[in-house]
Every structure is written in structure tokens, then in C-alpha cells.
Amino acid sequence: MNELVPEGVFRFLITLATGGFSALWVVHDILFLARLRGKDTRDPLIRDQRFGYVMGIVMGLIGVVGALRYNGVV
Amino acid sequence: MVSTAAPTGASASVGVPHKRAVSPWNPANAVTASRFLTLPPLWWAVAHGHHQYATLFLLICGLFDKLDGLVAKIFDCKSAFGEVFDAIADGLCYGFGLILVAAYGWAPVIPVVCVLAFGGVNTILRFVYAARAGRTVNYKSYAMERIVGYTGYLIGFATSGTEVRYFFWAIVPVFAIILAHDVKRMLVDPVPA
């Protein structure tokens, strides 16, 4: 009753959900950040988008490093 | 109580002001409300040390969060009440989850207190901003949207035992920076027209 799936499968799924999703998120926010190049930085909405994407990249990197730590790579 | 939805489809294109009444008793809000049903089993799983079950119930809660927007689109029942209800459900579910994992020693207490405090401050500031702006529009912050997602994940890290201390302590400075940015936007910067 304590386990739904074997420990190895659970670890793999967690790694996929954390590291995989975080890596995709980093790519997603880098692409969206790149699309903002040349836009008017005095526009508060553009500034907020830029800040949000940078923070998204930071959080994504935290996720990738966490997944690597979880698997003993880092 | 009836909320109004923005006009859609052909009726919106003819230029005639039209507001369609949307009952709060709609499928999207039912999905949002059903998230609360995952909290008792989550508590049971944490209390009995079932890490995988706790993670599963949290995952179901998160899936419902994503599903309600989709249901609102399919059934065309988007409303201002639905948006507020969704935000309230987010706060209650994530707040409950964070308190739960900290109470049972699955997560460090200090970062949990910080995250809850930051979230509380942000909620108060949104009310201040709404009063300042003179309208109840939802304050959109790209960074805050991302940190809310991270917070949901955070509970999952605790239930699954994934680098718990690392993830919980890492969110504190990031959240503090985002909150400082939003405080400036909400209290100092001019309100966009």
C-alpha cells in the first residue's frame, strides 16, 4: 500500500517532471525573451514580460540543477 | 449571483453592446471546486507517510487547476468570478499543502513561512493596486505567474522527497526579488491606461 510504482520508476518520473519540464521551460523563456529584443523598453508591459522571462529562466535552471542533484550528478 | 462574460462569436462582432450572464454554478467552477476534494486524501497520505500517494493527489490537484481554464473555454463560461475563485483555490490548495508538509516535517519551516508571507503580502498589494487603479482588473505579472507554478512544484518536491532543502531555500531569494519588483509596479509605477 505504501508504493504505487517501484522506487526506480518513481525516481525516473520525478526526474522527468522536474528536470525535463525545467529544461523545456528554460528554452521556452529564452525564445520568448529573444522575441522581445528591439521592443520599446519604456513600455511597462514589455519590461514586466522581460523580467518575467528572466525569472522564468532562473527558476528553470534551479529545476535542472535540482534534478541533477537528485540523481547524484552534481 | 451572476457574473458577466465578454461577448464572443458573431454577436460580439456586430458592435451591439452585449453581456451574457454566466452563472457561477458552471462546469469550470465545478472543476475548480473539485480541487478541494484532493486535500483530505493528501492530508491522509502525508499523515501516514505515503509519499507516492501524496504526490499523486497533489498531481491531480494540479491537473484540475489546468483543466478548469480548458473547461471554461469549451463551455464558454469564463467569468470574473471564475478568475477570482481560481485564484482563491490556488491560494487555499497551495497554502494548505505547504503548511501540511511543514507540519509533518517533510519540508523546512522557515522557507515555508517566507513563501506564505510573501504570498500574503502580494495578495494585499493586489487589493491596494485595484483600489489605486479604480478597477478590479487582475494585475498581471509574468514573474509572479512563474513563481506560483514553482510553489505548486515545491509541495511536490516535499511529498516526493526530491532535494527538498535545496528547492525550498532556493525559492526564497527568487520570490523576494519578484515581490520587490511587483511592489514597485503596484505602488510606485503609474497605473497603465
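Residues numbered from 1 in each chain as written. Chains lettered and ligands numbered in written order. Predicted model: local features only at pLDDT ≥ 70, side-chain atom pairs only at ≥ 80, totals over all residues.

Participant: Could you give an account of the overall build of chain A, naming the residues involved and the relevant values?
Facilitator: Each helix and strand in chain A was counted, giving two helices and zero strands. Here the C-alpha radius of gyration of chain A, 17 Å, is well above what a compact globule of 74 residues would show, namely 11 Å. Based on the C-alpha atoms only, the size of chain A along its principal axes is roughly 55 × 25 × 15 Å. Taking all 74 residues of chain A together, 24% fall into the buried category. (Helix = DSSP H or I, 4+ residues; strand = E, 2+ residues; numbered from the N terminus. Rg over C-alpha atoms; globule rule 2.2 N^0.38 Å. Buried ≥ 20, exposed ≤ 12 C-beta atoms within 10 Å, placed from the backbone.)

Participant: Got a sec to walk through the overall build of chain B? Specific residues and values, please.
Facilitator: Looking only at helices and strands, chain B features eight helices and two strands. Each helix and strand of chain B, placed in order from N terminus to C terminus, yields the pattern β-α-β-α-α-α-α-α-α-α. Across chain B, contacts joining residues at least 24 apart in sequence account for 69% of those joining residues at least 6 apart. (Contact = placed C-beta atoms within 7 Å.)

Participant: Run through the environment of Glu145 of chain B, naming residues and quoting values.
Facilitator: With respect to the secondary-structure elements, Glu145 of chain B resides in helix H7 (residues 142-160). For the pair formed by Glu145 of chain B and Pro111 of chain B, sequence separation is 34 residues and the distance between their alpha carbons is 19 Å.

Participant: Summarise the interface of chain A and chain B; cite the residues concerned and give the values.
Facilitator: Taken residue by residue, the interface counts 21 residues in chain A and 21 residues in chain B. Secondary structure elements with two or more residues in the side of chain A that touches chain B: helix H1 (7-35) and helix H2 (44-70) of chain A. Per-class residue counts for the side of chain A that touches chain B are twelve nonpolar, six polar and three charged. (Nonpolar A, V, L, I, M, F, W, Y, C, P; charged D, E, K, R; others polar.)

Participant: Break down the confidence of the model for chain B for me, with residues and values.
Facilitator: All names here are of chain B. The share of residues in chain B with pLDDT of 70 or more is 87%, and the mean pLDDT across the chain is 86. Taken element by element, the predicted model of chain B shows its lowest mean pLDDT in helix H1 (residues 10-13) (42) and its highest in helix H3 (residues 39-47) (97). Within the model, the stretch residues 1-17 combines pLDDT values under 50 with 25 contacts to residues more than four positions away or in other chains. We note a pTM of 0.85 for the whole complex and an ipTM of 0.93 for its interfaces. (pLDDT = per-residue confidence, 0-100.)

Participant: Tell me about the packing of H2 of chain A against H7 of chain B, and name the residues and values.
Facilitator: Orientation of H2 of chain A relative to H7 of chain B, taken along the N-to-C sense of each, is 25 degrees, at an axis distance of 7 Å. Classified by the angle their axes make, H2 of chain A and H7 of chain B are roughly parallel. Within the contact between the two elements, H2 of chain A uses Asp48, Gln49, Phe51, Gly52, Tyr53, Met55, Gly56 and Met59 of chain A and H7 of chain B uses Tyr142, Ala143, Arg146 and Tyr150 of chain B. By residue class, the composition of the contact of H2 of chain A with H7 of chain B is seven nonpolar, three polar and two charged. (Axes fitted to C-alpha atoms, helices over the stretch in contact; angles between N-to-C directions. Parallel < 35°, antiparallel > 145°, perpendicular 65-115°, else oblique.)

Participant: With reference to specific residues and values, describe the nonpolar core.
Facilitator: Most often, soluble globular proteins have nonpolar side chains that are buried together. Residues Val101, Leu154 and Ile171 of chain B are the most contacted members of the largest nonpolar core, which totals 43 residues. For this core, the secondary structure elements donating two or more residues are H2 of chain A together with helix H2 (27-34), H3, helix H4 (51-74), helix H5 (80-103), helix H6 (109-133), H7 and helix H8 (164-188) of chain B. Ranked by residues supplied to this core, first place goes to H7 of chain B with nine residues. Non-local contacts of Leu154 of chain B, meaning those with residues more than four positions away in its chain, are made with Phe167, Phe168 and Ile171 of chain B. (Core = buried A, V, L, I, M, F, W, Y, C linked by C-beta atoms within 7 Å.)

Participant: Could you give me a rundown of H1 of chain A, with the residues and numbers involved?
Facilitator: For H1 of chain A, spanning 29 residues, the distance from its first C-alpha to its last is 41 Å, which sits close to the expected 42 Å at 1.5 Å a residue. For H1 of chain A, every residue scored as buried is listed here: Ile14, Thr18, Gly19, Ser22, Trp25 and Asp29 of chain A. Contacts from the buried residues of H1 of chain A go to H2 of chain A together with H7 of chain B. (Expected span 1.5 Å × (residues − 1).)

Participant: Before we move on, can you summarise H7 of chain B with the specific residues and values?
Facilitator: Taking 1.5 Å per residue as the helical rise, H7 of chain B with its 19 residues ought to reach 27 Å, and the 27 Å between its terminal C-alpha atoms agrees with that figure. Immediately downstream of H7 of chain B, the backbone of Gly161 of chain B shows phi near 70 degrees, a positive value.

Participant: Requested: an account of the environment of Glu163 of chain B, with residues and values cited.
Facilitator: Examined against the element boundaries, Glu163 of chain B turns out to sit in the loop between H7 and H8. The buried category is assigned to Glu163 of chain B, around which 22 C-beta atoms lie within 10 Å. Not counting chain neighbours up to four residues away, the residues in contact with Glu163 of chain B comprise Gly66, Arg69 and Tyr70 of chain A together with Phe157 of chain B.

Participant: Please provide a residue-by-residue account of unusual backbone geometry, values included.
Facilitator: Residues and elements named next belong to chain B. We note that Asp76 has phi near 50 degrees; this positive angle belongs to a residue other than glycine. In this fold, Asp76 is placed in the loop between H4 and H5. On the neighbour-count criterion, Asp76 (13 C-beta atoms within 10 Å) is partly exposed. You will see that Glu163, though not glycine, has its phi angle at about 40 degrees, which is positive.

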